[in-house]
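Single-letter residue listing:
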Amino acid sequence: MRTQVGVIGAGPAGLVLSHLLHLQGIESIIIERRSREYVEKRVRAGVLEQATVDLLCETGVGGRLMREGLSHHGIELRFEGEAHRIPLSDLTGGRAIWIYGQQEVIKDLVTARLAAGAEIHYEVSDASVERLDTERPVIGCTLDGKRVNIECDFIAGCDGFHGICRHAIPAGVLTTYDRDYPFGWVGILAAVAPSTDELIYAFTERGFALHSLRTPELSRLYVQCDHDDRIEDWPDDRIWDELHQRLKKSDGWTLKEGPILEKGITGMRSFVAEPMQYGRMFLAGDAAHIVPPTGAKGLNLAVRDVWHLAQALVRWYRARDDAALAGYSSACLRRVWRAQDFSYWMTSMLHRFPGDDSRVSYKLQLARLAYVVTSRAAATSLAENYVGFPIED
Ligand SMILES: Cc1cc2nc3c(=O)[nH]c(=O)nc-3n(C[C@H](O)[C@H](O)[C@H](O)COP(=O)(O)OP(=O)(O)OC[C@H]3O[C@@H](n4cnc5c(N)ncnc54)[C@H](O)[C@@H]3O)c2cc1C
């Protein structure tokens, strides 16, 4: 098999890249280890930045997002039983965030790619990448029981944090930066109308909680848990009990409960691999970096990476100009580190750190929150990072 750009992974990064390349007349083949059904059902991100939404709309895959997505113009910070609204749009010249599940973004992209005749191969196994430092890198994989080689001009490693591409880069090339947080999140999807119109980020002595949503009928909620907790440690009534206690508000507001459709534990990590390139292979999205989900940045960064990569590849195919490809990694990493800092800042402001037996940290976190909700400058800083920066910025 032969293609221009071989893409490993049919998550947001791989699908958006393939879509953007197609619009510029560049062909790609995507291989994905999981089934289509699995990828389209995987519940993960839900908060899209303005720039992500704009890109999806401008490239013709934002129709359903516009009809079914919910635009939000503010978020709430809740602490000591009081609610404080951060008016995101007022503070950022009208920019907003959108609530639309990652699996819905995936479905829209897969539909568009298949309608355009794209090759997406699901349930491939034993993927490998070879000859990365030559002009004909190769993806090997087992497809329908047969071993095949896909010869490419370029390979895009869009295979997530646990993929193979990053690990295929020879030792000594990458520098990695890694921080594992001493807690995680228990996340649930519940069949109940959200008890709020906007996201609530709550900080209490018991730890963090987040009330998010997916649709007018579906709520998405998270509570901070211990690093080594297993989901069996969190029966449904314990989850609801913690949510009630952490989201409590002094004016009698109540949290509505409903059947839990899904639940799971997410670890919290900050990770970056530099550079995001080796020879003719480019890493994008979670394959190169992970942020703790508190800042809602992971999917948005993945989309930003592949926007840069698509631009650079177009320049190469049009004029054999490799300047933008050479600058790909540094163009992405500037925004990756901005998002890392913001995600770390949100995480450290809103979580209780275990082993922290001093009350000082708790008081400092409260002081920081009080500053953010009373200072226009501090609130603006949160807002502009949260809604995100223009994609070309
Ligand atoms: C609980 C939670 C909440 C989140 N909330 C948000 C949010 O609100 N906003 C936000 O922006 N981000 C959020 N994120 C992060 C977001 O989900 C990820 O950053 C995003 O999925 C990254 O996309 P990706 O395409 O880079 O990687 P992935 O989505 O991981 O896709 C990689 C794909 O590659 C495939 N693959 C892996 N190995 C191979 C192989 N060897 N061969 C073939 N295929 C392979 C995988 O099966 C997968 O489909 C959240 C994440 C979690 C866990």
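Whatever comes next refers back to the structure up there.
What counts, and at which threshold
- Residues numbered from 1 in each chain as written.
- Predicted model: local features only at pLDDT ≥ 70, side-chain atom pairs only at ≥ 80, totals over all residues.
- Heavy atoms only, no water.
- Helix = DSSP H or I, 4+ residues; strand = E, 2+ residues; numbered from the N terminus.
- Rg over C-alpha atoms; globule rule 2.2 N^0.38 Å.
- Buried < 20%, exposed > 50% of the residue type's maximum accessible area, 1.4 Å probe, protein only.
- Pairing = 2+ DSSP bridges.
- Contact = heavy atoms within 4.5 Å.
- Axes fitted to C-alpha atoms, helices over the stretch in contact; angles between N-to-C directions.
- Expected span 1.5 Å × (residues − 1).
- Arc of directions from axis to C-beta.
- Near = heavy atom within 4 Å.
- Polar contact = N/O pair within 3.5 Å; in protein donor to acceptor, adjacent residues only side chain to side chain.
- Areas by Shrake-Rupley, 256 points an atom, 1.4 Å probe, with all protein chains shown as cover.
- Nonpolar A, V, L, I, M, F, W, Y, C, P; charged D, E, K, R; others polar.
- Left-handed = near helix turned anticlockwise from the far one by under 90°.
- Salt bridge = Lys/Arg side-chain N within 4 Å of Asp/Glu carboxyl O.

Enquirer: Which residues make up the overall build of the protein chain, and what values do they have?
Expert: Secondary structure summary: the protein chain contains twelve helices and 20 strands in total. Relative to a compact globule of 393 residues, whose C-alpha radius of gyration would be 21 Å, the protein chain shows 21 Å and is just as compact. In terms of its C-alpha atoms, the protein chain occupies a principal-axis envelope of roughly 65 × 40 × 40 Å. In the protein chain, which comprises 393 residues, the proportion classed as buried is 56%.

Enquirer: How would you explain helix 3 (residues 50-58) if you had to name every residue and give the values?
Expert: Turning to helix 3, its buried residues number three or more, namely Q50, A51, T52, V53, L55 and L56. Two residues or fewer after helix 3 comes G60, characterised by a positive phi angle close to 85°.

Enquirer: So, the sheet that holds strand 20 (residues 289-290): which residues are in play, and what are the values?
Expert: Across the sheet, which stays open at both edges, the eight strands sit in the order 6-5-14-15-16-13-17-20 with mixed pairing between neighbours. Either end of the sheet is taken by a strand with one partner, and the two such strands are strand 6 (82-86) and strand 20. Two strands pair when backbone bridges link them, and strand 14 (residues 200-204) and strand 15 (residues 207-215) are joined in this way by five bridges, in the antiparallel orientation. Opposite T204, over in strand 15, you have G207 as the bridge partner. Each of strand 5 (75-79), strand 13 (175-190), strand 14, strand 15, strand 16 (218-226) and strand 17 (260-274) is contacted by helix 7 (residues 236-247), which is oriented at about 90° to strand 16, the strand it contacts most.

Enquirer: Which residues make up helix 11 (residues 360-374), and what are the values?
Expert: The end-to-end C-alpha distance of helix 11, which contains 15 residues, comes to 21 Å, matching closely the 21 Å that a straight helix rising 1.5 Å per residue would cover. Taken residue by residue, helix 11 has Y362, Q365, L366, L369 and V372 as its buried positions. Mapping the buried residues of helix 11 onto a view down its axis gives an arc of 125°, with all of them on the same face. Opposite the packed face of helix 11, turned more than 90 degrees from it, sit the exposed residues V360, K363, L364 and T374. Next to the buried residues of helix 11 lie strand 5, strand 6, strand 14, helix 10 (328-350) and helix 12 (376-387).

Enquirer: Break down the site of the ligand for me, with residues and values.
Expert: The local shell around the ligand holds 31 residues, among which E32, R42, Q102, D286 and L299 are the closest. Here A13 contributes a backbone N or O atom positioned 2.9 Å from an oxygen atom of the ligand. The contact in question runs from an oxygen atom of the ligand to an N or O atom on the side chain of N300, over 2.9 Å. For the ligand, whose free accessible area comes to 1000 Å², the fraction covered by protein is 92%. Elements with a minimum of two residues in the shell around the ligand: helix 1 (12-23) and helix 8 (298-319). The element that contributes the greatest number of residues to the shell around the ligand is helix 8, accounting for four residues. Broken down by class, the residue content of the shell around the ligand amounts to 13 nonpolar, ten polar and eight charged.

Enquirer: Tell me what's going on with the sheet that holds strand 8 (residues 119-121), and back it up with residues and numbers.
Expert: In space, the six strands of this open sheet follow the order 8-2-1-12-19-18, with mixed pairing throughout. The open sheet has two free edges, formed respectively by strand 8 and strand 18 (277-278), since each of these has just one partner strand. As paired strands, strand 1 (residues 5-8) and strand 2 (residues 28-31) are joined by four bridges and run parallel to one another. By the bridge assignment for strand 2, G6 is matched with I29. Lying on the sheet, helix 8 is in contact with strand 1, strand 12 (154-157) and strand 19 (281-283); it crosses strand 12 at an angle near 180°.

Enquirer: Could you give an account of the packing of helix 1 against helix 6 (residues 102-115), with specific residues and numbers?
Expert: The contact between helix 1 and helix 6 brings their axes to 10 Å, and the two run at 35°. As helix 1 packs across helix 6, the resulting crossing turns out to be left-handed. Here helix 1 contributes P12, L15, V16, S18, H19 and H22 to the contact with helix 6, which in turn contributes Q102, I106, L109, V110 and R113. Its residues placed into classes, the contact of helix 1 with helix 6 shows six nonpolar, four polar and one charged.

Enquirer: Just give me the short version of the pattern of salt bridges, but keep the residues and values in it.
Expert: Scanning the entire structure with this criterion turns up 25 salt bridges. Among the salt bridges present, the one from R64 reaches D108, with a minimum N-O distance of 2.9 Å. Here the residue R64 occupies a position in helix 4 (residues 63-68), and D108 occupies one in helix 6, the gap between them amounting to 44 residues. Of the two residues examined, R64 and D108, each falls in the buried class. With a shortest N-O distance of 2.9 Å, R246 and E242 are connected by a salt bridge. In this pair, R246 and E242 are both assigned in helix 7, four residues apart and thus about one turn of the helix distant. Residue class for R246 comes out buried when judged on its relative accessible area of 5%.

Enquirer: Hey, could you go over unusual backbone geometry for me, with residue numbers and the actual values?
Expert: With an omega of -10°, the peptide bond between E274 and P275 qualifies as cis. Mapped onto the fold, P275 is located in the loop between strand 17 and strand 18. Residues other than glycine seldom take positive phi values, yet E123 does so here, at roughly 55°. Of note, E123 is situated in the loop between strand 8 and strand 9 (125-130). On the basis of relative accessibility, which here comes to 57%, the residue E123 falls in the exposed class.

Taken by themselves, the reported measurements are silent on function.
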